[in-house]
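Next come the chains, spelled out residue by residue.
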Amino acid sequence: DETPRGWMTFSEVVEHSSNIGTIKIAHHLGEEKFSEYLQAFGFGMKTGVDLDGESAGSLRSREKWSRRSLVSLAIGHELAVTPLQLIAAAAAVANGGFLMRPYVVAEVRDGDGSVVAKTTPYVRHRPITAQTSSEMTAILKRVVSHGTARKASLPAHAVSGKTGTAQKIDPVLRRYSKDKFVSSFFGFFPARSPQLIILVVI
């Protein structure tokens, strides 16, 4: 980690984006359970959004993992996710644990204004329980109030969120770059009863 912090709680690992802590958590879960969670949150598969040309991202099956894969995946390597996959997974934490199929068109009306088609929200899976969702929302709230995302706090609303930093692939050297990154942040609010979730990727 850039700033050594000694022993940390689970919450502090998330608050300060500790790679070492995240890797230890992944080891505690083990390859099988960790792989199950990646799939349960929809990584490596299309979300089913009502747009053509959606990518499934990239996530190798566990049978193809190397001995380093668990460690690499724990800190965001060895997979590629779309912004829509990431926001859908984050929304599952915000909404009580439900991974939803996202949609763009809520309804279609004819020339007279009558509704001829309407999209019904669809639950794809439930990766976590309502209790886990509540506990994670509280931890993500501390990320904004005490951790790496303090600039995302709002005066009128409690915000829950998480920062992310991913190394880019150097196409010439064919390895992770040491000075090129993708930075991201997702946040949802109000934390207790979220109405809006936003993802920023730079």
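As a starting point, this report considers the structure included with it.

1. A look at helix 2 (residues 19–29)
Then step 1. Burial in helix 2 covers these residues: G21, I23 and A26.
Then step 2. Summarising the contacts, the buried residues of helix 2 are in contact with helix 1 (10–15), helix 3 (31–40) and helix 4 (69–74).
Then step 3. Phi turns positive, to about 90°, at G30, one or two residues after helix 2.

2. What about a nonpolar patch on the surface?
Then step 1. Among the surface-exposed residues, L51, V104, V105, V108 and V116 lie close enough to one another that they form a single nonpolar patch of about 430 Å² accessible area.
Then step 2. Relative to the helices and strands, L51 is located in the loop between helix 3 and strand 1 (58–59).

3. Focus: the pairing of strand 5 (residues 115–118)
Then step 1. Here strand 4 (residues 107–109) pairs with strand 5 via 3 bridges, running antiparallel. Among the inter-strand pairings, E107 is bridged to a residue of strand 5, identified as K118.
Then step 2. Connecting the antiparallel pair strand 4 and strand 5 is a turn made up of 5 residues, with G113 showing a positive phi of about 90°.

4. Thoughts on the environment of D110
Then step 1. Relative to the helices and strands, D110 resides in the loop between strand 4 and strand 5.
Then step 2. Using a relative accessible area of 34% as the deciding quantity, one classes D110 as partly exposed.
Then step 3. Counting along the chain gives 22 residues from D110 to T132, while the straight-line C-alpha distance between them is 43 Å.

5. So, the sheet that holds strand 9 (residues 196–201)
Backbone hydrogen bonds are what pair the strands of a sheet, in a parallel or an antiparallel way.
Then step 1. Strand order in the open sheet made by the 3 strands is 7-8-9, with antiparallel pairing throughout. Because the sheet does not close on itself, it has two edges, and the strands there are strand 7 (160–170) and strand 9. Here the average twist between neighbouring strands, direction ignored, is 20°.
Then step 2. Relative to strand 8 (residues 175–189), strand 7 runs antiparallel, the two being bridged by 10 bridges. Following the sheet pairing, A166 is matched in strand 8 by V182.
Then step 3. Each of strand 8 and strand 9 is contacted by helix 5 (residues 83–94), which is oriented at about 145° to strand 9, the strand it contacts most.
Then step 4. The strands that helix 6 (residues 130–145) touches are strand 7 and strand 8; relative to strand 7, the one it contacts most, it runs at about 75°.

Scoring rules and cut-offs
Residues numbered from 1 in each chain as written. Predicted model: local features only at pLDDT ≥ 70, side-chain atom pairs only at ≥ 80, totals over all residues. Heavy atoms only, no water. Buried < 20%, exposed > 50% of the residue type's maximum accessible area, 1.4 Å probe, protein only. Helix = DSSP H or I, 4+ residues; strand = E, 2+ residues; numbered from the N terminus. Contact = heavy atoms within 4.5 Å. Patch = residues over 30% accessible without salt bridge, like charges linked within 9 Å, V, L, I, M, F, W, Y side chains within 5 Å. Areas by Shrake-Rupley, 256 points an atom, 1.4 Å probe, with all protein chains shown as cover. Salt bridge = Lys/Arg side-chain N within 4 Å of Asp/Glu carboxyl O. Pairing = 2+ DSSP bridges. Axes fitted to C-alpha atoms, helices over the stretch in contact; angles between N-to-C directions.

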